[in-house]
Structures are given as structure tokens and as C-alpha cells.
Amino acid sequence: MDKNFQEEQFTGIIKFTPPLYKQRYQFIKDLVGKYKPKKVADLGCADCTLLWMLKFCNCIEVLAGLDICASVMKEKMHRLSPLPGDYLQPAERSLTVTLHHGSVAHKDPCMLGFDLVTCIELIEHLEQSELKKFPEVVFGFMAPSIVVISTPNSEFNPLLPGVTLFRHPDHKFEWNRAQFQSWALETARRYDYSVEFTGVGHPLTGMEKVGFCTQIGVFVRKYPQTTESAQSEKPTEAVYKTVFKAVYPSLKDEKYLQNAVVSEVIFTTQIIKRSLLDRLMSEHEECNDDPTERKSKFQPSMNRFSEDLGKARVEKSMEPFVNGNVVYIPLKTIFSFPKVNRLCGTFEKLHKLIAGKVTLSSDGSAVMFDTEHENEEN
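- By the naming in an unreviewed UniProt entry, the protein goes by Small RNA 2'-O-methyltransferase and is assigned to Eudyptula minor.
- The record in UniProt for the protein states the following under Catalytic activity (unreviewed entry): "small RNA 3'-end nucleotide + S-adenosyl-L-methionine = small RNA 3'-end 2'-O-methylnucleotide + S-adenosyl-L-homocysteine + H(+)".

This is how it looks when you write it as C-alpha cells:
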């Protein structure tokens, strides 16, 4: 909960590089990279720094934060809002970020369905009555696939100048490794989780026996949660207050997807059209060295296809062609471009998304461009 427990004051003897709070957050990012959770909740999110870092992880589609102090969240929650660039180039994944004001000792249905729940430097801030309820709320009620809990290792405290009892005035307790592992193993046993212990913040050489400065328990649920157990005794009444919510623009929203596809189609067809006209111009320049006759020679060449032949090529070929003043670029050619293909998925989806947005041939099989403007320039 406390970001860095004022680690700067300890630099006389201990200096963590990077700072300890960054090491804790990096540990979570590495875990996300390994397990690829789609829904992540951070309990005791404080100034939302971890949530801000996690919003850049492409696998995550839902982020939620919970803290007992609303003012701390509100101070920095603007960092979780979409930026102009997010609207100009929407991501392929969806992302919703929500912040809630409430206690980890209370159950709220908004915290159900998460893959990963993080509790970074949280439990040591809980009163005994809250700590007693905490396992049932997180492991019993929320029951995510993975829970990560970090807490200070009191055995490391003698190495930190200025620390007499606890590292932070709001800490209610600080456990040594045996105490934390005893609590974690009993919690894991009760709720059918396995747990592995690790940490961040290495001690100085020769003092390894004290362990990590921050001890971490990674809990993994042993058995998939059944529908019955997921729905049993789940309250429907909300007790948390939502203080922030942001829904990021996404290509999963058809409005944004259509804009992206139309832009990509226009960009692609402009390149194809320009390449075709440049090639035709080059061919006619080779056949005619008299610049005064170039325009007159160029126009008939563009009429070299009859209307019937033009239609046949649109239907049977992926080659773009010119008929009169019109350039025809088959949709199959456009669909073959990797980005268009990836955005649309199917040829039918491409046709649906651009219909009415770009000019199509009468049978809808090609994008049409009038070349009169290009002729005037040439």
C-alpha cells in the first residue's frame, strides 16, 4: 500500500537499484507476461502506479483497483484515462479500468471473475479484525486463479537505519519469514491453493541469511472454479463505491473497427492506384518521345479495355486496371494485404465495413477511382 516506505532514508547502508517498489511492480509485470491474465485486480492500489504500468500489457482487458483511501486514488487516477493517441489508433484489444473505494474486509460482486489479484504491501496495514476476514474475501469469495501477496520481511529491518519497530507508521504488524509462510500455507490449504515463496530486495553479501527485504507469496488455485461454487453465496449487493471508470477505444468496437478499415483501404488503394498510373505513364513515355502528344496518347491507352472486358477482369482477376477515366482495384487485391486481412478476418466483413464509405463498382467487387484529376496533372 505504501509506495516505497521512504526507502531513500536508508541509502546510507542499503540502496536498492532499481528502487524496491519498482522491483515489486516488475515482479508483477513478469508474472503477467508469464500467465497472460485477462482480468487483473490490485487491492490496496493507492496511487495507481501498478495499474498504470499494467494497462500497457496487451493481454489485459480488465483492470480494477481497490483502496480504502479514495483521496489517494483520485490524486493520480487521471493517468488511467485514454490519451488522444488511443482514439487515433485504437488497440485491437478492449480495455476497461475501474477504481473502487472500499475495504478488502468486505465482499462486493464487482470483484468476481478476476484471473490475477495482487496485494502489494497491503496486509501489514490491516487491523486484526480485517486480517481475519481477508483470506475469505480474497481466496474464498473472489477466488482468482492467482493471488500475489507481498509484505515486509521483519528479519531485514536491522539492516535499515532508522527502523526501530516497523518500516511505516501505519503498519499494524510486520512478519518474519516463518510467520508469513505459516499464515500463507494455512490459507492455501484452507482454500485449495498452492503457494510458492520468493521476494525482491537482495541483502548485502554475507547477510543472505536474513532473506529478501520484501517477501512474496504466489498462490495458484489448484482446481478450476465450478459454476456452482462460483455462484454459491455470492452477494448481489454492491458495497464499494466506484470512483473512476475508463473504457478505452478498441477495434472490437465496430465503430472504431470500421474507421480503421476504411482508412487502411483508402491508404492501400491510393498506393495501388498511384503505382498503376505511374506504370502506364512510363510505358507511354517509352513509346512516345514527343511531350506534346503524351496526354493524347495516354488517354486512349486507358480506354484499351471494353466495358465487358473490364467487368470480367474485376470478377476474375486480382489485377487492378483502368477503364476510361476510372481505376478499378478489386477488393480481393485489397483483402490480400496483411493489415486489411487481419483487421477484417473475412472478405465478407471487409465488404460490409466499407460499403457506403468508399465508391464501389456496380457489382461491389472493386473500389473505383476517377483518374481525371491525375490526367490533368500529367
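**Some remarks on the overall build of the protein**
Phase 1: Per the secondary structure count, the protein includes 14 helices and 11 strands.
Phase 2: Each of the 378 residues in the protein was classed as buried or not, and the buried ones make up 48%.
Phase 3: The long-range fraction of contacts in the protein, counting pairs at least 24 apart against all pairs at least 6 apart in sequence, stands at 71%.
Phase 4: Carbon together with sulfur atoms contributes 53% to the accessible area of the protein, which is approximately 19500 Å² in total.

**Topic: the pattern of salt bridges**
Phase 1: All chains considered together, the criterion is met by 12 salt bridges.
Phase 2: Residues Glu121 and Arg24 are paired through a salt bridge, measuring 3.7 Å at the closest nitrogen-oxygen approach. Residue Glu121 is located in the loop between strand S4 (116-120) and helix H5 (128-142), and its partner Arg24 is located in helix H1 (residues 20-35); the two are separated by 97 residues in the primary sequence.
Phase 3: For Glu92, the salt bridge goes to Arg342, with nearest N and O atoms at 2.9 Å.

**Observations concerning the sheet that holds strand S10 (residues 326-330)**
Phase 1: Ordered in space as S9-S10-S11, the three strands form an open sheet in which the pairing is antiparallel. Each edge of the open sheet carries a strand with a single partner, namely strand S9 (321-323) and strand S11 (366-370). Across the sheet, the mean angle from the axis of one strand to that of its neighbour is 30 degrees, orientation sign disregarded.
Phase 2: The pairing of S10 with S11 spans five bridges and is antiparallel. Note on S11: the bridge partner recorded for Pro330 is Ala366.

**A look at the pairing of strand S5 (residues 146-152)**
Phase 1: Of all the seven residues making up S5, seven are buried; the element is thus mostly covered by neighbouring parts of the structure.
Phase 2: Along S5, one buried face is formed by Ile146, Val148, Ser150 and Pro152 and the opposite face, lined by Val147, Ile149 and Thr151, is buried too.
Phase 3: Pairing of S4 with S5 involves five bridges; the strand directions are parallel. Looking at the pairing, Cys119 lines up with Ile149 of S5.
Phase 4: The handedness of the S4 to S5 crossover, carried by H5, is right-handed.
Phase 5: Taken together, the seven bridges between S5 and strand S7 (residues 214-221) define a ladder with antiparallel strand orientation. Among the inter-strand pairings, Thr151 is bridged to a residue of S7, identified as Gln215.

**Considerations on the nonpolar core**
Phase 1: In this structure, Leu54, Ile60, Leu99 and Val148 are the most contacted members of the largest nonpolar core, which totals 43 residues.
Phase 2: Elements with a minimum of two residues in this core: H1, helix H2 (49-54), strand S3 (96-101), S4, S5, S7 and strand S8 (241-247).
Phase 3: Of all the elements, H1 adds the most residues to this core, at seven residues.
Phase 4: Discounting residues that sit within four places of it in the chain, Val148 has contacts with Phe27, Ile28, Leu31, Leu116, Val117, Thr118, Cys119, Ile120, Ile216 and Gly217.
Phase 5: Formed by 32 residues, the second largest nonpolar core is a distinct cluster that contains Val104, Ile123, Leu126 and Tyr191.

**Quick notes on the pairing of S10**
Residues in a regular strand point their side chains to alternate faces of the sheet.
Phase 1: The buried fraction of S10 is high, at five of five residues.
Phase 2: A two-sided burial pattern is seen for S10, the buried positions comprising Val326, Tyr328 and Pro330 on one face and Val327 and Ile329 on the other.
Phase 3: Bridging between S9 and S10 involves three bridges; their strand directions are antiparallel. By the bridge assignment, Asn323 is partnered in S10 with Val326.

**Examining the side chain of Glu174**
Phase 1: Here Glu174 is to be found in the loop between S5 and helix H6 (177-190).
Phase 2: A polar contact of 2.6 Å, which involves the side chain of Glu174, links it to the backbone nitrogen of Arg167.
Phase 3: Polar contacts involving the side chain of Glu174 include one to the side chain of His171, which spans 2.6 Å.
Phase 4: Ignoring any residue separated from it by four or fewer positions in sequence, one finds Glu174 in contact with Pro152, Ser154, Asn157, Leu165, Phe166, Arg167, His168 and Gln179.

**Structural notes on the packing of aromatic side chains**
Phase 1: This structure, assessed with the given rule, holds 14 aromatic pairs.
Phase 2: Centroid distance Tyr21 to Tyr25: 5.9 Å. Interplanar angle 80 degrees. Geometry classified as edge-to-face. One end of the pair is Tyr21 and the other is Tyr25, both in helix H1 and four residues apart, which spans about a single turn. Each member of the pair Tyr21 and Tyr25 is classed as buried.
Phase 3: Considering the side-chain rings of Trp175 and Trp183, the 5.5 Å spacing of their centres and the 40 degrees angle between planes classify their relative orientation as tilted. Each member of the pair, Trp175 as well as Trp183, is classed as buried.
Phase 4: Here Lys273 stacks its cationic end above the ring of Phe369, 4.6 Å away from the centre of that ring.

So, how was this worked out
Residues numbered from 1 in each chain as written. Predicted model: local features only at pLDDT ≥ 70, side-chain atom pairs only at ≥ 80, totals over all residues. Heavy atoms only, no water. UniProt positions renumbered as here; feature names shortened; annotations may be inferred. Helix = DSSP H or I, 4+ residues; strand = E, 2+ residues; numbered from the N terminus. Buried < 20%, exposed > 50% of the residue type's maximum accessible area, 1.4 Å probe, protein only. Contact = heavy atoms within 4.5 Å. Areas by Shrake-Rupley, 256 points an atom, 1.4 Å probe, with all protein chains shown as cover. Salt bridge = Lys/Arg side-chain N within 4 Å of Asp/Glu carboxyl O. Pairing = 2+ DSSP bridges. Axes fitted to C-alpha atoms, helices over the stretch in contact; angles between N-to-C directions. Right-handed = clockwise from strand over helix to strand, strands pointing away. Core = buried A, V, L, I, M, F, W, Y, C linked by side-chain atoms within 4.5 Å. Polar contact = N/O pair within 3.5 Å; in protein donor to acceptor, adjacent residues only side chain to side chain. Phe/Tyr/Trp six-rings, centres within 6.5 Å; stacked < 30°, edge-to-face > 60°. Lys NZ or Arg CZ within 6 Å of the ring centre and 35° of its normal.

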